[in-house]
Amino acid sequence: MSKTFPLLATSLGGVALVLGIAYGVTSRQHRDAEIDMLQRQVASIEARRAAEAEIVSREAALNERIAELETALAAAQEEAERAASEATALAAAAASARASPAAEAPAEVAVSFGDPTAGEEVFMSCSGCHQVGQGAEDGIGPQLNGIFGRDAAGIEGFPYSQSLTRMGADGLVWTLETLDAYIENPLALVSGTRMSFDGLPDPQERADLLAFLRIYSDSPANIPEAPATATATDHDLDPEILAIQGDPEYGEYLAGECVTCHQASGANQGIPSITLWPEEAFVVAMHAYKQQLRPHPVMQMIAGRLNNEEIAALAAYFGQLSE
Ligand code: HEC
Ligand code: HEC
């Protein structure tokens, strides 16, 4: 036993050593594998973190871009609102300037509008009927002193036509613009005027003539800055509008609105007759309301709602209407 024990012990020790080494080897391999796996896990976690960080930073960048776009949008909206309100203001200013050129037109709009010396010669075509200057008296036509800013048909005692008297009562005032329209074509502004004068088609002659007449108005020194002489706009009617052939049947349909005031029979009870007019004169008259050269507010509104075809149709209908 004493001999076998050490042997046994030795061999046991050897087995244990072998086992121990084997165990050590396997456990190291095991541990290496584990470390390897852990490292891979760590790496994948790190990769995921990096990806997450990337997403977060992209999100931040996107948010920043969205904020930028929102600011830009707000600015654009503000700009649009401002532009819209400016446009409204401009439209209102334009409308009021049209409605009362004398009162509203700012002085800067005034234009240097003619040569009074040349205008004195042009006045020869008026002087058969009109006088102007010191001691001027009414003749066939009323005297023209102070004509700028004067009410139409404003000379007491002068036998004006019913048509001009009515326009005066409506508030027609002589300004650079209305005088220019009247002298260019008297019947276009005042359909029933007694002034038998064909009109001056040349704008320069009219400008010169008006510069001459302006001398005999209240403040000749202000030519042309005085408000009554500011803003002449182009009121010539486009020949294309005059050329439109109206459809009388459509005109008859539209006329329903008109005959509540204008008797279809042409009967004249304070409201002028509009039947049997030459079509062109009718169209010109309607556009004079539409352009607010003629002052009557109801007719301005009515004509303002009609387009060119409708006006032509009404002219065609009323033009052929017999009593
Ligand atoms: C054939 C005569 C005649 C000629 C030419 C004539 N007129 Fe007249 N004019 C009249 C008559 C008449 C009236 C009144 C019209 C009415 O009552 O409808 C008048 C009215 C006017 C009025 C409106 C006056 C007011 O008190 O409301 C002005 C302005 C005017 N004429 C300017 C002129 C000018 C400028 C010329 C020259 C380019 C001219 N006339 C040529 C006869 C004439
Ligand atoms: C609410 C009543 C009323 C209605 C509706 C009306 N008018 Fe008038 N119209 C008048 C008055 C008032 C006048 C005179 C205005 C003036 O002094 O300039 C007039 C003048 C006119 C004139 C110029 C007459 C002239 O001798 O200078 C024409 C053209 C005219 N109207 C056409 C029409 C047409 C076309 C319609 C329908 C689309 C119409 N009117 C609807 C009241 C009306």
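Section: the overall build of the chain
Thought 1: Each helix and strand counted, the chain has twelve helices and zero strands in total.
Thought 2: Ordered by position from N to C terminus, the α and β elements of the chain give α-α-α-α-α-α-α-α-α-α-α-α.
Thought 3: Looking at the chain alone, contacts between residues at least 24 apart form 69% of all its contacts between residues at least 6 apart.

Considering the site of ligand 2
Thought 1: Taken together, 23 residues lie around ligand 2, and Ser-191, Cys-258, Cys-261, Pro-272 and His-296 are the ones closest in.
Thought 2: Sorting the residues of the shell around ligand 2 by element identifies helix H4 (162–170), helix H10 (279–290) and helix H11 (297–305) as the ones contributing at least two each.
Thought 3: Broken down by element, the residue count for the shell around ligand 2 peaks at four residues, all from H4.
Thought 4: Split by residue class, the shell around ligand 2 holds 13 nonpolar, six polar and four charged.
Thought 5: Mapped onto the domain boundaries, the shell around ligand 2 takes at least three residues apiece from domain 2 (108–235) and domain 3 (237–323).

Some details on the nonpolar core
Thought 1: By size, the foremost hydrophobic cluster in this structure holds 46 residues, and its most contacted members are Leu-210 and Ala-315.
Thought 2: Every element with two or more residues in this core is listed here: H4, helix H5 (176–184), helix H6 (186–189), helix H7 (203–214), H10 and helix H12 (308–320).
Thought 3: Here this core takes eight residues from H12, the largest share from any one element.
Thought 4: Looking at this core, you find at least three residues from each of domain 2 (108–235) and domain 3 (237–323).
Thought 5: With residues up to four places along the chain from it excluded, the contact list for Ala-315 reads Gly-246, Glu-279, Phe-282 and Val-283.

What about H10?
Thought 1: Between its terminal C-alpha atoms H10 stretches 16 Å, which fits the 16 Å expected from twelve residues at 1.5 Å a residue.
Thought 2: For H10, a buried count of ten out of twelve residues is recorded, marking the element as mostly surrounded by other parts of the structure.
Thought 3: In this structure, the buried side of H10 is in contact with H6, helix H8 (239–243), H11 and H12.

Concerning the environment of Pro-248
Thought 1: Here Pro-248 is to be found in helix H9 (residues 248–255).
Thought 2: C-alpha separation for the pair Pro-248 and Ala-313, spaced 65 residues apart in sequence, amounts to 5.3 Å.

Observations regarding the site of ligand 1
Thought 1: Near ligand 1 lie 29 residues; those nearest to it are Cys-126, Cys-129, Gly-141, Ser-161 and Met-195.
Thought 2: Broken down by secondary-structure element, the contributors of at least two residues to the shell around ligand 1 are H4 and H5.
Thought 3: Across the shell around ligand 1, the residue classes tally to 19 nonpolar, nine polar and one charged.

Describing unusual backbone geometry
Thought 1: A positive phi angle is found at Ala-153, which is not glycine, with a value near 55°.
Thought 2: As for its position among the elements, Ala-153 is in the loop between helix H3 (116–122) and H4.
Thought 3: Ala-153 sits in the buried class, given 21 other C-beta atoms within 10 Å.
Thought 4: Of note, the phi angle at Gln-292 is positive, near 60°, even though the residue is not glycine.
Thought 5: Its place among the elements puts Gln-292 in the loop between H10 and H11.

Concerning the packing of H5 against H7
Thought 1: Two numbers describe how H5 lies on H7: the axes approach to 10 Å, and their chain directions differ by 125°. In terms of axis orientation, H5 runs oblique to H7. As for the relative orientation of H5 and H7, their crossing is right-handed in sense. Residue-level contacts link Leu-176, Leu-179, Asp-180, Ile-183 and Glu-184 of H5 to Arg-206, Leu-209 and Leu-210 of H7.
Thought 2: Residue classes in the contact of H5 with H7 are distributed as five nonpolar, no polar and three charged.

Comments concerning the confidence of the model for the chain
Should the pLDDT be low somewhere, the predicted coordinates at that spot are not to be read in detail.
Thought 1: When pLDDT is averaged across the chain, the result is 79; 75% of the residues are at 70 or more.
Thought 2: Per-residue pLDDT, averaged within each element of the chain, yields its smallest value for helix H2 (residues 101–104) (40) and its largest for H4 (93).
Thought 3: Here residues 220–234 is modelled with pLDDT under 50, and outside its nearest four sequence neighbours on either side it reaches 43 contacts, counting other chains as well.

Points about the environment of Glu-184
Thought 1: For Glu-184, the location among the structural elements is in helix H5.
Thought 2: Considering only alpha carbons, one finds Glu-184 and Gly-199, 15 residues apart in sequence, at a separation of 4.6 Å.

So, how was this worked out
- Residues numbered from 1 in each chain as written.
- Chains lettered and ligands numbered in written order.
- Predicted model: local features only at pLDDT ≥ 70, side-chain atom pairs only at ≥ 80, totals over all residues.
- Helix = DSSP H or I, 4+ residues; strand = E, 2+ residues; numbered from the N terminus.
- Contact = placed C-beta atoms within 7 Å.
- Near = placed C-beta within 6 Å.
- Nonpolar A, V, L, I, M, F, W, Y, C, P; charged D, E, K, R; others polar.
- Domains from an automatic or database assignment.
- Core = buried A, V, L, I, M, F, W, Y, C linked by C-beta atoms within 7 Å.
- Buried ≥ 20, exposed ≤ 12 C-beta atoms within 10 Å, placed from the backbone.
- Expected span 1.5 Å × (residues − 1).
- Axes fitted to C-alpha atoms, helices over the stretch in contact; angles between N-to-C directions.
- Parallel < 35°, antiparallel > 145°, perpendicular 65-115°, else oblique.
- Left-handed = near helix turned anticlockwise from the far one by under 90°.
- pLDDT = per-residue confidence, 0-100.

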